[in-house]
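Next come the chains, spelled out residue by residue.
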Amino acid sequence: MTPVAAARLSLLVGLVVFGLKWLAFGLTGSVALYSDALESIVNIVAAGAALIAVRVSKRPPDANHPYGHTKAEYFSAVLEGILIALAALAIVNEAWHKLFSPAPPQSVGLGLLVSLGASALNGGLAWFLTRSGRAHRSPALVADGQHVFTDVLTSGGVLAGVGLAWLSGWWVLDPLLAMAVAVNILWIGWRLVRDSVGGLMDEALPDAEMSEIQGVIRTRLNPWQKDGKVLEVHDLRSRRAGPRTFVEFHLVVPGSLSVEDAHRICDRLEEGLREQVPGVQVTIHVEPEWKAKHGGFVVRSR
């Protein structure tokens, strides 16, 4: 399934889940179930934003956007994080009033059953979105999937807590659970915003991925290194924009090396990096021997 189709499915399932959770709240009047339903509204808005972002990000490069539109997905994830924070504040506001005057909800058994069905549906959606997002290297889908999965965990805690309050008669647990939900989704919102801002600010790839890239470069350059045709690699840099990864570095070769040989080496490097990092765009700046820095990521220096 394409990212656009996955985002459409997320929006559709989000509407169904919200309807079920709002029904559970309407049946019971539980503020904890209200908080659970309110988070589903955020899911709907975020799914709509993700759908728009995924469609925009798939547009090919043009004169005004020569590097493409892939960063549009990060705006979706940032929006989702902000919406989560607003939902958390609304939940705290509602729970605060109920904390000092807790009242037993109505039709708790039926409400919990309806909410359980909504959570099961959400669980399947979270698994699907996360898997599709990683397969297509889509930050918007991954963020949506992680948020939906958090919603599943939150719903599980809410169901267990409301069930405990129902059995024990400690209805003060209802607003306390709602506040716990608010704290949890605030943390998730912070993580989403943090990761997305990192993408918008051209944050470098994680150390583990950079080590893999260096390993590919070393392996691919090994034959030319032994022949003295490659002296050094320095200023290795990286960034990510949605499903695309950008890698660039300087390649130092003897000044007597022909342009054709240097081009052949670069082609070999690009081929290896594309095999290791799907969607990578490589920029290599070839320099003569006197440009060597004798530091950084060095293959071999004279």
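So, how was this worked out
Every chain is numbered independently, its residues counted from 1 as its sequence is written. Side-chain atom pairs in this predicted model are given and counted only at pLDDT of 80 or more, local residue features only at pLDDT of at least 70, and totals for whole chains, interfaces and linings cover all residues. Side-chain numbers here rest on the full set of heavy atoms in the structure, without hydrogens or water. Grouping buried Ala, Val, Leu, Ile, Met, Phe, Trp, Tyr and Cys residues that are joined through side-chain atoms within 4.5 Å yields what is termed a nonpolar core. Buried means the residue's accessible area, taken with a 1.4 Å probe over protein chains only, is under 20% of the maximum for its type, while exposed means over 50%, and partly exposed covers the values in between. Secondary structure counts use DSSP, requiring at least four H or I residues in a row for a helix and at least two E residues in a row for a strand, with both numbered from the N terminus. By the convention used here, residues are in contact when the closest approach between their heavy atoms is within 4.5 Å. Pairs of N or O atoms are called polar contacts if they sit within 3.5 Å, as long as, within protein, a hydrogen donor faces a hydrogen acceptor (for residues adjacent in sequence, only side-chain-to-side-chain pairs). DSSP bridges decide pairing: two strands pair if at least two such bridges lie between them. All axes here are fitted lines through C-alpha atoms, helices being fitted over the stretch that makes contact, and every angle between N-to-C directions spans 0 to 180 degrees. Working definition: a ring pair exists when centres of Phe, Tyr or Trp rings (six-membered ring for Trp) sit within 6.5 Å. Plane angles under 30 degrees give stacked, over 60 give edge-to-face, the rest tilted. Two thresholds decide whether a charge sits over a ring: the Lys NZ or Arg CZ must be within 6 Å of the ring centre and within 35 degrees of the ring normal.

1. Some details on the nonpolar core
- Counting 32 residues, the largest nonpolar core has I84, I91, V158, V162 and I185 as the members making the most contacts within it.
- Here this core gets 8 residues from one element, more than from any other, and that element is helix α6 (residues 173–200).
- Once residues lying within four places of it in the same chain are set aside, the contact partners of I84 are V42, H147, I185, L186, I188, G189 and L192.
- L205, I213, V230 and L257 belong to the second-largest nonpolar core, a separate cluster that totals 24 residues.

2. Overview of the side chain of E232
- Take E232: it is sitting in strand β1 (residues 232–241).
- E232 gets classed as buried once you look at its relative accessible area, which sits at 0%.
- Only 2.7 Å separates the side chain of E232 from the side chain of H234, close enough to count as a polar contact.

3. A word on the sheet that holds strand β2 (residues 244–252)
- With mixed pairing, the 3 strands of this open sheet are ordered in space as β1-β2-β3. For this open sheet the edge positions go to β1 and β3 (280–287), each flanked by a neighbour on one side alone. Sheet twist, expressed as the average angle between the axes of neighbouring strands with direction ignored, equals 15°.
- Both β2 and β3 contribute to a ladder of 8 bridges, which runs parallel.

4. Here's the deal with the pairing of β2
- Two elements, β1 and β2, share 8 bridges in a ladder whose sense is antiparallel. Residue pairing in the sheet places V233 in a bridge with L251 of β2.

5. Considering the packing of aromatic side chains
- Counted by the stated rule, this structure contains 4 aromatic pairs.
- On the basis of an interplanar angle of 35° and a centroid distance of 5.7 Å, the ring pair of F18 and W22 is categorised as tilted. Here the residue F18 and the residue W22 both occupy positions in helix α1 (residues 3–28), the gap between them amounting to 4 residues, near one helical turn.
- Its end group placed over the ring of F246, R239 keeps NZ or CZ at 4.1 Å from the ring centre.

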